[in-house]
Amino acid sequence: MPGRLAGKVAFITGAARGQGRSHALRLAEEGADIIALDLADGIDTVTRFYPPATPDDLAETVRGVEKIGRRIHAGIADVRDFDSVRTLLDRGVAELGRVDIVVANAGIFISGEPAHRITEDEWDDVLDVNLKGVWHTCKAAVPHLIEQGDGGSIVITSSTAGIKGTRNAGAYAASKHAVVGLMRTLVSELGEHGIRANTVHPGATDTDMIMNDRCFNLFLPGTRNPTKEQVAPLFTGTNALPVPWADPIDVSNAVLFLASDEARYVTGTELKVDAGFTTR
């Protein structure tokens, strides 16, 4: 049977690993071809928190999509640089024929200090990747969607930190609130073209961005080399459901729904995948 995204092409940023890779594989399973972008390198303010994705990670995403039997155009680009985003996307569209789905997923997370102690460089890097990078992604893709004339779906990765304030992660929370405002603006501007826009709001998810000592120390301050087993009950205590965190596939299934025709009249929605974290 044809998949729910048969004949469609999805543009995914931050696709080398974590949620981005999961999105690429899940959408490919449902018939989509993929245009995959990732920096695949480190940003100095971030690498002291958790290791960056690598070219090998991006190559693994390519292998995974191809194993499913779908086509993929993948490349290294920095979402902070509009020209590099547009060039990679344009080449992908030239190769695969079109773009129907935009998943603005690339993001970074810096935590550990209250807002008044965040450095200028940390603030700028988080806002440049998480907000300007999302804007660049949409800015590059929207002309293609309008020109094609048959609608499209934009899915922006926000966070539970885009719904409620988050201690010791002020830059991240500011960026994730801001992309909701961008999404709502796109809803207003692009609805007449049949283009939908929505955000997904993951809670803690089992990826490198969360599974690291710096993030664990938010729950166990002063503990050397805290383990997942040690922090799991503390994460669980923040959720309504008795689970510590989601798997990437749980977020990917939400992205799939918003990208599919099953959500053809869903636009302007903030879809939470947070085990009830934001209601506690």
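Attention here is on the structure that accompanies the text. What you see is a predicted model, and the numbers here were worked out from it, not measured in a lab.

## Focus: the overall build of the protein chain
Thinking step 1. The helix and strand tally for the protein chain stands at nine helices and seven strands.
Thinking step 2. In terms of C-alpha radius of gyration, the protein chain reaches 18 Å, essentially the compact-globule figure of 19 Å for 280 residues.
Thinking step 3. Considered along the principal axes of its C-alpha atoms, the protein chain spans approximately 55 × 35 × 35 Å.
Thinking step 4. Each of the 280 residues in the protein chain was classed as buried or not, and the buried ones make up 52%.
Thinking step 5. For the protein chain, long-range pairs separated by at least 24 residues make up 73% of all intrachain contacts whose partners lie at least 6 apart in sequence.

## Examining empty space enclosed by the protein
Thinking step 1. One pass over the structure, following the stated rule, counts one cavity of 30 Å³ or more.
Thinking step 2. There is about 30 Å³ of room inside the largest cavity.
Thinking step 3. Forming the boundary of the largest cavity are Phe-49, Tyr-50, Phe-109, Ile-110, Ser-111, Met-209, Asn-212 and Cys-215.
Thinking step 4. Its residues assigned to classes, the lining of the largest cavity shows six nonpolar, two polar and no charged.

## Re the pairing of strand β1 (residues 9-13)
Thinking step 1. Burial of β1 is extensive: five of the five residues sit out of reach of the surface.
Thinking step 2. Judged by which residues are buried, β1 turns out to be covered on both faces: Val-9, Phe-11 and Thr-13 on one side and Ala-10 and Ile-12 on the other are all buried.
Thinking step 3. Direction of pairing for β1 relative to strand β2 (residues 33-38): parallel, over a ladder of five bridges. Looking at β2, one finds that Phe-11 is bridged to Ile-35.
Thinking step 4. Crossover connection from β1 via helix α1 (residues 18-29) to parallel β2: handedness right-handed.
Thinking step 5. Here β1 pairs with strand β4 (residues 101-104) via three bridges, running parallel. Residue pairing for β4: Phe-11 is matched across the bridge by Val-102.

Criteria and thresholds
For every chain, the first residue of the written sequence is number 1, and numbering continues from 1 along that sequence. With pLDDT at 70 or above as the cut-off, local features in this predicted model cover only qualifying residues; side-chain atom pairs require 80 or more to be listed or tallied, and sums for whole chains, interfaces and linings still use all residues. Excluded from the side-chain calculations are hydrogens and water; all other atoms, namely the structure's heavy atoms, are used. Numbering of helices and strands starts at the N terminus; helices are DSSP runs of H or I of at least 4 residues and strands are runs of E of at least 2. C-alpha atoms define the radius of gyration, and 2.2 Å times the number of residues to the power 0.38 defines the globule rule. Burial classification: accessible surface area is computed with a 1.4 Å probe over protein chains only, and a residue below 20% of its type maximum counts as buried, one above 50% as exposed, and the rest as partly exposed. What makes two residues a contact is simply this: any of their non-hydrogen atoms within 4.5 Å. Using protein atoms alone on a 1 Å grid, points that fit a 1.4 Å probe yet trap it form a cavity, whereas open point sets bounded by protein on both sides within 12 Å along at least five of seven lines form a pocket; residues with an atom within 4 Å of a point count as lining. Grid points are joined across faces, edges and corners, and a volume is the space filled by probe spheres set on the points. Residues are grouped as follows: Ala, Val, Leu, Ile, Met, Phe, Trp, Tyr, Cys and Pro are nonpolar; Asp, Glu, Lys and Arg are charged; all remaining types, including Gly, are polar. Any two strands with at least two DSSP bridges between them are considered paired. The handedness of a crossover follows from its direction of travel: if, with the strands pointing away from the viewer, the path from the first strand over the helix to the second runs clockwise, the crossover is right-handed.

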